[in-house]
Amino acid sequence: LQGAAETEGQLVQDHRLLYQRILWPDHLPPRVPEVEKLLRLFDQLDRIKGKPVHVHFHCHAGKGRTTTAMIM
């Protein structure tokens, strides 16, 4: 739609995809609640049988938080 602005979350949800935003400060390890949220998300994805699953991680530079989340 011309002139329409959507947040990242709205755009993903409009396409009936799962969107999960997990925040933690750059240059610091995630706090326990963020780790637990991410692990719950991975557990949900593990239960999806017979469906392709794509997980997209990103942060500002893509080398600190993104890498930490991918390793977990």
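(A) How the structure looks around the nonpolar core. Counting five residues, the largest nonpolar core is built from Trp24, Leu38, Leu41, Leu45 and Ala69. By residue number, the principal contributor to this core is helix H2 (residues 32–46), which donates three residues. Excluding residues that lie within four positions of it along the chain, Leu38 makes contacts with Ile22, Phe57, Ala69 and Met72.

(B) Representation of unusual backbone geometry within the structure. Although it is not a glycine, His27 sits at a positive phi angle of roughly 70 degrees. Along the polypeptide, His27 turns up in the loop between helix H1 (8–14) and H2.

(C) Region of the structure containing the pattern of salt bridges. Overall, the coordinates contain two salt bridges when judged by the stated rule. One salt bridge in this structure joins Arg31 and Glu34, with 2.7 Å as the shortest N-O distance. Look at Arg31 and you get exposed, because its relative accessible area is 52%.

The rules behind each value
Residues numbered from 1 in each chain as written. Predicted model: local features only at pLDDT ≥ 70, side-chain atom pairs only at ≥ 80, totals over all residues. Heavy atoms only, no water. Core = buried A, V, L, I, M, F, W, Y, C linked by side-chain atoms within 4.5 Å. Buried < 20%, exposed > 50% of the residue type's maximum accessible area, 1.4 Å probe, protein only. Helix = DSSP H or I, 4+ residues; strand = E, 2+ residues; numbered from the N terminus. Contact = heavy atoms within 4.5 Å. Salt bridge = Lys/Arg side-chain N within 4 Å of Asp/Glu carboxyl O.

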